[in-house]
Amino acid sequence: MKSPDFLIVGWGLAGVNMAWQLYFNNHSFVVYDSTKNYSTNTAAGIVNPIVFKRLTKSWQADKLMPYAENFYKKVEMALKDNIITPKHIFKIFNSFEDENNWMVKQSDDRFNAYLLPTNTNFEIYGINAPYGYGEVKTFGNLDTVKFLKKSKLFFLEKGHKFINHSFDYNVSRIDINIIFCEGYDIVNNPFFNYLPLKPTHGDTLIIKTKALKFKDIINKNMFIMHIKDDLYKIGATYNWSLKTPVCTKEGKNELIDKLNQFANFEYSVVSQQAGIRPTVKDRRPLLGTHPENKRLHVFNGLGTKGVMIAPYYSEKLLKHIVNKEEIDKEINITRYEKYL
Ligand SMILES: Cc1cc2nc3c(=O)[nH]c(=O)nc-3n(C[C@H](O)[C@H](O)[C@H](O)COP(=O)(O)OP(=O)(O)OC[C@H]3O[C@@H](n4cnc5c(N)ncnc54)[C@H](O)[C@@H]3O)c2cc1C
């Protein structure tokens, strides 16, 4: 049997994005997945080009947003199915000052692709927002679970193989390009565990309510996002000490407390989920080739914004492997070679 061009280790957002880039460029691949899925199965799939804390643009938003939008459209066409649901994000203002800052930024050409003008008459039934809302324009929300499932079926049908267990690092010979897309599990990878990945645990809840009819995303130090029927996902917490994706009571209580501060509607908690975000201390992705073994590559560090970052940077990594194109210093793993 002819060996594939690539091995992908890990089937989360990083792995599935790599697989599509390989597919679009006519490369064959085999996927290894231990299906622990630390992060992607819990992710809300929100694409937010704005950092609300400072009301600035998210890192490289102008470049990453249009690329991601086109990429997911191309995937939808191949799958003949939707993985993106159009949604905007409605940020609840905490004060008149918040509203003023929004209006100033909104009138700035650099921001008006994302920030919409404020509308003082706008209200969301069941939400206490005396200072109103700022609306963020974004291309939508990725159904991360569906993206993984549908893509796997698609690639199986095209003849790509999936091996449902952990990759064995003790292989005697490496004569094929291997792309490690292991999320937080990279800490167990003997080739790349020198990279400073810091786990960020996050809890989310699914709540049920008949009162809230809102189909977009509400944000106030947390998000409320409609899923289907009367179900909404709320999240997320940030815990930098937990290293396993277990649901925590503290996380649940924190989310309920935050929600009760601005929600005036009845709801019940249906379920809880937890995941581990693969975050890096300098908050930049980790891309590149092992300094000693040129067949081994890594795509990781997608952090809190994997949906927006993964499409563009999976292409960058592929071009680096195949065409020897340079990777920016800011994201290249060479920046951590001193830890090797
Ligand atoms: C609560 C929460 C909410 C989030 N919300 C958002 C959001 O709204 N928007 C956004 O953009 N991002 C969000 N994120 C972040 C997003 O989930 C991550 O950026 C992204 O999913 C990381 O993907 P990954 O493929 O690197 O890791 P993972 O999803 O962890 O996938 C890694 C996979 O590799 C497998 N694996 C590991 N080692 C091996 C091995 N040796 N052999 C075989 N398989 C292996 C694992 O089993 C796993 O399936 C959220 C994360 C959390 C936890």
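Residues numbered from 1 in each chain as written. Predicted model: local features only at pLDDT ≥ 70, side-chain atom pairs only at ≥ 80, totals over all residues. Heavy atoms only, no water.

The subject of this paragraph is the overall build of the protein. The secondary structure content of the protein amounts to 6 helices and 17 strands. The C-alpha atoms of the protein give 21 Å as radius of gyration, which agrees with the globular expectation for 340 residues (20 Å, within 12%). Dimensions of the protein along its principal axes, counting C-alpha atoms only, are 65 × 45 × 40 Å. In the protein, buried positions account for 53% of the 340 residues. Within the protein, contacts between residues separated by at least 24 positions form 75% of all contacts whose residues are at least 6 apart in sequence. As displayed, the protein has an accessible area near 16,600 Å², and 49% of this comes from carbon and sulfur atoms. Across the protein, the centroid of the 46 positively charged side chains sits 2 Å from that of the 35 negatively charged ones. (Helix = DSSP H or I, 4+ residues; strand = E, 2+ residues; numbered from the N terminus. Rg over C-alpha atoms; globule rule 2.2 N^0.38 Å. Buried < 20%, exposed > 50% of the residue type's maximum accessible area, 1.4 Å probe, protein only. Contact = heavy atoms within 4.5 Å. Areas by Shrake-Rupley, 256 points an atom, 1.4 Å probe, with all protein chains shown as cover. Lys, Arg positive; Asp, Glu negative; His and termini not counted. Charge placed at Lys NZ, Arg CZ, Asp CG, Glu CD.)

Our focus in this paragraph is helix α1 (residues 13–24). Along its 12 residues, α1 runs 17 Å from first to last C-alpha, staying within 8% of the 16 Å computed at 1.5 Å per residue. The buried fraction of α1 amounts to 10 of the 12 residues, a majority that puts the element mostly inside the structure. Those residues of α1 lying buried are L13, A14, G15, V16, N17, M18, A19, W20, Q21 and L22. Remark: N26 follows α1 within two positions and exhibits a positive phi of approximately 60°. (Expected span 1.5 Å × (residues − 1).)

Our focus in this paragraph is unusual backbone geometry. At the junction of G235 and A236, the peptide bond is cis and its omega measures out at -10° in the coordinates. Mapped onto the elements, A236 comes out in the loop between β14 (231–235) and α5 (249–260). Phi is positive for R283, which is not a glycine, with a value near 60°. Take R283: it is sitting in the loop between β15 (268–280) and β16 (286–289). The class of R283 is exposed, set by a relative accessible area of 70%.

A few words now on the domain arrangement of the protein. For the protein, the domain assignment lists domain 1 (6–43 + 144–196 + 282–339), domain 2 (88–137) and domain 3 (199–278). Put simply, the middle of domain 2 and the middle of domain 3, counted by C-alpha atoms, are 22 Å apart. Taken together, the contact pairs 12 residues of domain 2 with 13 residues of domain 3. The tally of links from domain 2 across to domain 3 stands at 0 salt bridges. Linking domain 2 to domain 3 there are 8 residue pairs in polar contact (both at pLDDT 80 or more). (Domains from an automatic or database assignment. Salt bridge = Lys/Arg side-chain N within 4 Å of Asp/Glu carboxyl O. Polar contact = N/O pair within 3.5 Å; in protein donor to acceptor, adjacent residues only side chain to side chain.)

The contact between helix α2 (residues 61–79) and helix α4 (residues 144–157) brings their axes to 11 Å, and the two run at 50°. If you check the angle between α2 and α4, you find them oblique. Both α2 and α4 take part in a crossing whose hand is left-handed. Contact with α2, carried on its side by F71, Y72, V75, A78 and L79, involves F147, K150, S151 and F154 of α4 and no other residues of that element. In terms of residue class, the contact of α2 with α4 is built from 7 nonpolar, 1 polar and 1 charged. (Axes fitted to C-alpha atoms, helices over the stretch in contact; angles between N-to-C directions. Parallel < 35°, antiparallel > 145°, perpendicular 65-115°, else oblique. Left-handed = near helix turned anticlockwise from the far one by under 90°. Nonpolar A, V, L, I, M, F, W, Y, C, P; charged D, E, K, R; others polar.)

Moving on to the site of the ligand. Inspection of the region around the ligand gives 40 residues, with K36, S39, T40, I46 and G303 positioned closest. Measuring from an oxygen atom of the ligand, one finds a side-chain N or O atom of S34 at 3.0 Å. G45 has a polar backbone atom sitting 3.1 Å from an oxygen atom of the ligand. If the ligand stood free it would expose 1,000 Å²; the protein chains cover 98% of that surface. When residues of the shell around the ligand are traced back to their parent elements, those giving at least two are α1, β11 (197–208), β15 and α6 (306–323). Per-element accounting of the shell around the ligand gives the leading share, 3 residues, to β15. (Near = heavy atom within 4 Å.)

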